[in-house]
Amino acid sequence: MIRKDDFFKETTLRICGSLQIATALADVFDYFKHQFPIIGMCLSIRDDDLGAIRRIALATDNQKEFPEEIVAVPKEIWAQIQAVPIREPLIITTEFNKPHSDLAVLLKLEDKADLILPLWIDANLCGILALRAGNKDQFTKRHLELLTSIRRPVTIALVNALAHERIKRTSELLAEDNRLLRKEFYLSAADEVIGQDGGMSNVMQMVKQVASLNNTVLLLGETGTGKELIANAIHFSSAYKDGPFIKVNCGAIPEHLVDSELFGHEKGAFTGAVTEKRGRFERANRGTIFLDEIGELPAQAQIRLLRVLQNREIERVGGQRAVPIDIRVIAATHRNLENMVQENRFREDLWFRLNVFPLIIPPLRQRKEDIPALAVHFINKKAKEMGIKNIPAIVPGALEQLMQYRWPGNVRELENMVERELIIQRDGLLTFASLAKTDALGITKPCPPDGFNIAAEPLPLNDVVVAHIERALKLTKGRISGPDGAAALLRVNPSTLRARMKKHGIRYGRVQ
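How each quantity is defined
- Residues numbered from 1 in each chain as written.
- Predicted model: local features only at pLDDT ≥ 70, side-chain atom pairs only at ≥ 80, totals over all residues.
- Heavy atoms only, no water.
- Helix = DSSP H or I, 4+ residues; strand = E, 2+ residues; numbered from the N terminus.
- Buried < 20%, exposed > 50% of the residue type's maximum accessible area, 1.4 Å probe, protein only.
- Contact = heavy atoms within 4.5 Å.
- Areas by Shrake-Rupley, 256 points an atom, 1.4 Å probe, with all protein chains shown as cover.
- Phe/Tyr/Trp six-rings, centres within 6.5 Å; stacked < 30°, edge-to-face > 60°.
- Lys NZ or Arg CZ within 6 Å of the ring centre and 35° of its normal.
- pLDDT = per-residue confidence, 0-100.
- Pairing = 2+ DSSP bridges.
- Axes fitted to C-alpha atoms, helices over the stretch in contact; angles between N-to-C directions.
- Polar contact = N/O pair within 3.5 Å; in protein donor to acceptor, adjacent residues only side chain to side chain.

### Side note on the overall build of the protein
Alright, step 1. Counting secondary structure elements, the protein contains 19 helices and 13 strands.
Alright, step 2. For the protein, buried positions account for 45% of its 512 residues.
Alright, step 3. Contacts in the protein between residues at least 24 apart in sequence constitute 67% of all its contacts with a sequence separation of at least 6.
Alright, step 4. Carbon and sulfur atoms form 50% of the exposed surface of the protein, whose accessible area is close to 26700 Å².

This is the structure we're talking about:
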C-alpha cells in the first residue's frame, strides 16, 4: 500500500509539471490508474454565468464515458447544491441523496460512480476534481483519504491554469486586434495598382468617385482579377483609411460558424462558447470590412448582413441587444448574383442593397497592354521573396507570347507563372516555355516570332541584342526612361540603354 507522503509528492510533481492543465492532468491520470479503480478523471469549474458545470481538462481512455464539455444545471438544482456546500470528498452515484442524485444523472453516471474532491480557496469554491469508476461500488475509504491529501496542490494547479487561460485569451485578443488593425500598406494602395493608366483606368476612375463616400461597393469580376487590391485602394483612399481593414473570405468559413465569425457570440450562446467573442464586423468598427465571395453566404447570414446594411448595427449570436457600428462595407464575388436571385439562392433585397455601386474588374485578357508591366512587377517581387539578387532577363519574344495567351486564371495565374519560371530558370533567361501549346479554353497559341524560337539555330549575339531592344521599345511605344520605359523593362540604366542603342545604330522616336 502506498504511503500518503509518497502519493502527495508524486501527485504534486505531476499536477504542477505543466501550465497546460490538460497535459498535467493526463500525467496524473497515468499515475492514478495504479492507485484508484478509475476509467478517467476531470477538472471542472462551476460557471455561474452559464448556469453550468464547465470542464477545464479531461483525462480518460474513452471520452464517451464522460458528458459534454458544458453541462447545463437547472436553477433548482443549483439552489439546492449551494444551500449545502460540499467541503469534503464524497462519492456520488445515481442512488445518492438529492440534489446530488439529480446531478449524477446530468453527469451521465448511470451505474458508475464519481469520487468528488471540492477545491476551495477561502470561502470560494473554485472547482472540482472528479475521479470516475466503472462500477459504483469500487471506491473505498482509503481512496477518500488519499484524495483528501492532495487537495492543496490540485487547487493551486487549477487556479494557475485558470489565470493562464485568462492571460492567454487576452494575449490572443490583443495579438489578433494588432494584426487586424495593422496597416497592410504604408503607402496609398492606389499607387500599387498596375495598369491604372492602362487597362484599369476606367476602374480607377470609378474608385476615385466612390472612395470618399460611405456607400456600399460591390466588386464584380472573375477569380484572380485583383478584387482585393481594388478593395484596398477604396479603403485607403476613404475617410476610414485610419481605421481597421478586415478581410473575410465568406466561402472559407464553415456554414455553422458563419454567424459567430461575422457577428460574434455571447458567453453560453452554444456549447463551447465559454467566453463572449467579438465578430469581424465589430473588429472593423470605424473602418472597412471586405466580404469576398459574398455569394457563398448562407441564408441566415444574408438576413443578418441585410440588417447591417440597413441599420448599421449587429446582434451577436445569443445576444439580446443591438450593437451599433460605424463601418464601410465592400463586397466582392465572381458569381452572377442576379441569376442567383432568380434561382432563390440569394436574397433579392440584399442584392438591391449591395448593388448600389457595382464596379466590374476586367479580366486580364481584356487588358493585355498591362501584361508587360505586370510581368516585370511580379518578377521583381518574386525574385526578392526568393532571395535572387541577379534578376534574370526575359528572352526576346517571351513577352509577346505572354500577351497572346488568354489567361483564364487572370492576374493570379500570371503571378504563379512568373514564380514557376523563376524556380525553373533561377540562373538563366526567362523563356516562359512552360506555357502549354493550347490554353485552358482550347485555343492554340502561336509560337514566338520567327527568329526567336529558342529551339531554333542560335542567332549572332548582336542580332539578338538589337532585336530585343527594338521589341522593348515597341512595347513601350518608344519610351526609354521612367517606370513604364524600355530601360525598366530590360532592367538596365536608361543611359546604358541609350549607349547600346547608339552603338548598334538603333533609332526609335517616342510614339505618342
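### Observations regarding the packing of aromatic side chains
Alright, step 1. Enumeration over the complete set of coordinates arrives at eight aromatic pairs.
Alright, step 2. Here Tyr31 and Phe32 contribute two aromatic rings whose centre-to-centre distance is 6.2 Å and whose plane-to-plane angle is 50 degrees, an arrangement assigned as tilted.
Alright, step 3. Both rings, one in Phe263 and one in Phe281, keep their centres 5.2 Å apart while their planes meet at 5 degrees; by these two values the pair is stacked. Residue Phe263 is located in helix H9 (residues 258–263), and its partner Phe281 is located in helix H10 (residues 280–283); the two are separated by 18 residues in the primary sequence. Take Phe263 and Phe281: they sit in the same class, and that class is buried.
Alright, step 4. Three or more aromatic residues joined by ring pairs make a cluster, and in this case those are Phe7, Tyr31, Phe32 and Phe36.
Alright, step 5. The positively charged end of Arg132 is found above the aromatic ring belonging to Phe66, 4.7 Å away from the centroid.

### Comments concerning the confidence of the model for the protein
Alright, step 1. Confidence along the protein averages 83 in pLDDT terms, with 89% of residues attaining 70 or more.
Alright, step 2. A low-confidence stretch, residues 183–191 stays under pLDDT 50, and its non-local contacts, those more than four residues away or across chains, total 19 contacts.
Alright, step 3. This model gives residues 437–456 a pLDDT under 50, and the stretch forms 27 contacts once residues within four places in sequence are excluded.

### Digging into the sheet that holds strand E13 (residues 358–360)
Alright, step 1. Spatially, E8-E9-E12-E7-E13 is the arrangement adopted by the five strands of the open sheet, whose pairing is parallel. Looking at the sheet topology across the chains shown, the edges are occupied by strand E8 (245–249) and E13. The sheet shows a mean angle of 20 degrees between the axes of neighbouring strands, taken without regard to direction.
Alright, step 2. Note: E8 against strand E9 (residues 287–292), five bridges, orientation parallel. Paired with Phe245 across the two strands is Thr288, which belongs to E9.

### A word on the side chain of Arg151
Alright, step 1. Locating Arg151 in the fold gives a position in helix H6 (residues 151–181).
Alright, step 2. Of the polar contacts made by the side chain of Arg151, one reaches the backbone oxygen of Pro118; its length is 3.0 Å.
Alright, step 3. Those residues within four positions of Arg151 in sequence are excluded, and the remaining contacts are Arg87, Glu88, Pro89, Leu117, Pro118 and Leu119.

### Section: helix H8 (residues 227–236)
Alright, step 1. Among the ten residues of H8, eight are classified as buried, and the element is accordingly described as predominantly covered.
Alright, step 2. Residues Lys227, Ile230, Ala231, Asn232, Ala233, Ile234, His235 and Phe236 constitute the buried set of H8.
Alright, step 3. Where H8 is buried, its residues touch helix H7 (201–211), strand E7 (217–220), E8, E9 and strand E12 (327–333).

### Things to note about the pairing of E12
Alright, step 1. For E12, the tally of buried residues reaches seven of seven residues, placing the bulk of the element in the interior.
Alright, step 2. Taking every second residue as pointing to the same face, both faces of E12 are buried, with Ile327, Val329, Ala331 and Thr333 on one and Arg328, Ile330 and Ala332 on the other.
Alright, step 3. Here five bridges tie E9 to E12, and the two strands are oriented parallel to one another. By the bridge assignment for E12, Phe290 is matched with Ile330.

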